[in-house]
Amino acid sequence: LDVNKYYNKNKANQNHISKDINIEFGDSGFVVILGNSGSGKTTLLNIVSGMDKFNSGTVEFNNQIFNKYKSNKWDLIRKSKIGYIFQNYHLLKELTVYENIKMVLNMNGVTDETEIKRRVQYLLSAVGMDNYQDRLAKQLSGGQQQRVAFARALSKNPQVILADEPTGNLDSKTTIELMNILKRVSKDKLVIMVTHEQALADFYADRIIEIENGKIIKDYENVNQDNISIIQEQIIYLKDYDKSKMESEYVDLLRYTDKTDEKKQKLKVELIERKDTLYVKVDSKRSRRIKYIDIDSEIELLNESSKNVKDPRNETFEIEPIKDTKKQNKQNAITLKDSFAYALRKINVLSYGGKMLYVVLGLVGAIISISVGLIGETFRIEESYATQNRNYISVNTENIPFSEIMALEDVEGVEQVMFISRPVTFKVQHEKYYEVANSISVPALPIDIEFFDETSIIYGEMPQGYEIIIDKSIADRIIKFNTIRGIESYDDILDCSFKLQASGSDEDYNLDSAIYFNISAIAEDNSNSVWMAEELMYSLVTPMLVDYQILGEYFQMTQGTLPPTNYQVMINSHSSFLDDDEIPYSVGIATGEYGVSGVFDYVKNGKNYDFSKIVITSGESIKHEYFRSFYAYKGNFEFLLYSTDVKTSLGILNSMGYDASNIYLYEVEYSQEQKLIENNQIYILSISGVIMSGISIYFIMRSSLISRVYEVSVYRSLGAPKKSIRKMFFVEIILTTTISAIIGYIIMMLLLLQTESTMGDDVNIVHYTFFTFSLGLIGLYIINIVFGFIPINVLLHKSPSEIINKYDL
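This text gives an overview of the structure that appears in the document. (Residues numbered from 1 in each chain as written. Predicted model: local features only at pLDDT ≥ 70, side-chain atom pairs only at ≥ 80, totals over all residues. Heavy atoms only, no water.)

## With respect to the overall build of the chain
The number of helices and strands found in the chain is 20 helices and 34 strands. Counting all 809 residues of the chain, 48% fall into the buried class. Look at the contacts in the chain between residues 6 or more apart in sequence, and 75% of them connect residues 24 or more apart. Accessible surface computed for the chain: about 40,800 Å², of which carbon and sulfur atoms make up 50%. (Helix = DSSP H or I, 4+ residues; strand = E, 2+ residues; numbered from the N terminus. Buried < 20%, exposed > 50% of the residue type's maximum accessible area, 1.4 Å probe, protein only. Contact = heavy atoms within 4.5 Å. Areas by Shrake-Rupley, 256 points an atom, 1.4 Å probe, with all protein chains shown as cover.)

Here it is, written out as structure tokens:
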């Protein structure tokens, strides 16, 4: 009712193609819409079928009222209720005749192959195409394709059949045959045909609607249906003619002449046969035109009288209804198998430019792979462990006495003064590979195990005696750089020991040359720390001075007494300082000159070990000597305070005039800033890769869409929902991404890992984990799906008719 349709509305080239159309159709009958080209006939047909949008008015179909265009509802109607016969056939050229019809049956819930075959053969037989079902549509002539289009439109037993100039490309004989079928079908169904041929309308139509310049000018019942001459022109009824027969040994000649012709003249015919060719020469003054009738001729010869011929329009033509209608809304026009087949076919016929886009997409995958590896490496490096534990307060000050520094342990929150303020290098030994020439050097900052939080252990167990705990960052570095020694896991780490060289050099592997302190656990503290007893840490870092307590039960005093003051030590019985077993008054070592209070031995399993390289004293003395040797008499120096309340302790110390700070927070903030700078560069590279990937897949899918827009228009015209089209292209995007970007992604990852492996453990370019690798893969697919669907969604936003008109299909 009052339907209006504009092209280019509100623009300079606006065309009001349908003007206030008011029309109602019955449930059956043959309605012909007559009009010249451009009068709006096809537009009206497209509005009726939901192929095109309308700007105003109301369209009602089966009690469904449409005040505006709703593509999803019209798709359902067109899929099952409307059979559309297009002027240009609209067959899928790469499918066979059988497959073109089967597809429509599948869409409407017919999935049984036996039933499909029976229906297809019946319809093709009806339109004279039963011998062509395995022929590709593109191999057929125009007339043959239109016959198939007729069969396809009828296959779903539609409620309404719409035909747009269905005979425009047909010969007269085919036109009559197919028009007869439409006429028979119209007894039970509504047939609406657009044409400009008045003769067809007069002979077949029950109702004729004439349209001109977008308006209906006539709408009337047809009373001229008895004029049968239109079909008689194509059939010669031989019994309506006088017959003359001439026979000879080699020629039988039959001549039929019109019975109403009283002046029959002699006909001279010459027949010449040469090399399988028959030449015909006819000499007749009356016959101005000569037509030759062969197997492909439009003219049909019938050996009967026209008086006995039944009107072909009155013959019956039945199409069985589709019984299994429950599946209709669930069936897809395009199966997953079809989608893969179409995608592979598209890839096989790529042009040079299309193939280059695939190469670009592969390079994009490589760029994304680099980005993922670099990002993974930055996140692996930091947990960029700080050099100091979060509880350490660094104090920078001028030269002050030892006692004044120790007094700071009374500040609120401060638990201990630590003079080892910078990471020191510890020697670590792995027993299984003792034949390696030197120990493993491990730089770390020691912390008194008294302050260790047991909950931070991630591997191993709390130490017994003088065992040691190391941070995960140190364990990871040991593994990373010492695989050649066979250290490949945390279990191997727990087989390692910190080494105190008691005699000889670091390369000396005699069992009595060093003392070993086992690693008992690995902790996660996000700092470059090792935890051990205070007396052990100072013994390991102070040259030659060792606290006798760490020797344990193997320590034996053979002469003299334990050192009574800070400036006295005991020497080993193997020491070169002993002269004829007489204890020297004093000895000079790296940290200074000390008085000698006695001699000791280290006896283990009955063996007296050579500890000539060390002297022993108390832990307090070593701590004092460490301070005196490394800090005393310096203008400025730094020491650490371990605090359980860093914020409070910092406030008090700064108020006392000390230059105090928490290095951990500074290093973490600095690390984060540096990582942010590095990551920004990587993110720029990643974003560039994303943009390139998106642009590449956009142009690939746009190119594919342009080449397949005809295919899309066919599916949409037949009522295939948008989701089916999207599924088809989704499969193509996935396949395209897999054989280009994903291959590039994986190859680049393998190349980077191989390069890193070739350059050795000291070079770390990228880092991949299962999570980051998977995230990169998923990201590539998501990027390509999002960008790839842009041109597809733009096209699907148009109605089927708009697609056909825009691309002139």
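## Looking at the sheet that holds strand β34 (residues 659-661)
Spatial ordering of the open sheet is given by β18-β33-β17-β34, a layout of four strands whose pairing is antiparallel. The sheet is open, and its two borders are formed by β18 (414-418) and β34, each paired with just one other strand. Each neighbouring strand pair of the sheet contributes to a mean axis angle of 25°, computed without reference to strand direction. Pairing analysis gives four bridges linking β18 to strand β33 (residues 636-643), with the strands arranged antiparallel. (Pairing = 2+ DSSP bridges. Axes fitted to C-alpha atoms, helices over the stretch in contact; angles between N-to-C directions.)

## Regarding the sheet that holds strand β7 (residues 160-164)
With mixed pairing, the six strands of this open sheet are ordered in space as β6-β7-β8-β3-β9-β10. Every interior strand has two partners, whereas the edge strands, β6 (82-85) and β10 (215-221), have only one. Within the sheet, the average angular offset between the axes of one strand and its neighbour, ignoring direction, is 15°. Alignment of β7 against strand β8 (residues 190-195), held across five bridges, turns out to be parallel. Considered in β8, the bridge of Leu 162 is made with Ile 192.

## Thoughts on the packing of helix α14 (residues 534-541) against helix α15 (residues 619-630)
Where α14 meets α15, the closest approach of the two axes is 9 Å, and the angle between their N-to-C directions is 45°. Looking at the two axes, α14 sits oblique to α15. Crossing geometry of α14 relative to α15 is assigned as left-handed. Residues Glu 534, Tyr 538, Ser 539 and Val 541 of α14 pack against Ile 622, Lys 623 and Tyr 626 of α15. Split by residue class, the contact of α14 with α15 holds four nonpolar, one polar and two charged. (Parallel < 35°, antiparallel > 145°, perpendicular 65-115°, else oblique. Left-handed = near helix turned anticlockwise from the far one by under 90°. Nonpolar A, V, L, I, M, F, W, Y, C, P; charged D, E, K, R; others polar.)

## As for helix α12 (residues 472-481)
Given 3.6 residues per helical turn, the α-helix brings residues three or four places apart onto the same face. If you check which residues of α12 are buried, you get Ser 473, Ile 474, Ala 475, Ile 478 and Ile 479. Tucked into the core, α12 has its buried residues touching β20 (440-448), β22 (468-471), α13 (490-493), β24 (514-523) and β25 (529-532).

## Considerations on the packing of aromatic side chains
Evaluated as defined, the whole model comprises 25 aromatic pairs. Where Phe 451 meets Tyr 642, the ring centres are 4.1 Å apart and the plane angle is 10°; that geometry is what we call stacked. Placement of the pair is Phe 451 in the loop between β20 and β21 (457-460) and Tyr 642 in strand β33, with a sequence separation of 191 residues. One exposure class covers both Phe 451 and Tyr 642, and it is buried. Aromatic side chains Tyr 548 and Phe 555 sit 5.8 Å apart centroid to centroid with 40° between the ring planes, which places their arrangement in the tilted category. (Phe/Tyr/Trp six-rings, centres within 6.5 Å; stacked < 30°, edge-to-face > 60°.)

## Considering the nonpolar core
Looking at soluble globular proteins, one finds that nonpolar side chains tend to be buried together. One finds Phe 419, Ile 470, Ile 493 and Phe 498 to be the most contacted residues of the largest nonpolar core, which totals 89 residues. Among the elements that take part in this core, β24 stands out by supplying six residues, more than any other. Leave out the neighbours within four places in its chain, and Ile 470 touches Ala 475, Ile 478, Ile 493, Phe 498, Ile 519, Ala 521, Ile 522, Ala 523, Ser 529, Val 530 and Trp 531. Core analysis: the next-biggest nonpolar cluster, separate from the first, contains 44 residues, Ala 137, Ala 149, Leu 154 and Tyr 204 among them. (Core = buried A, V, L, I, M, F, W, Y, C linked by side-chain atoms within 4.5 Å.)

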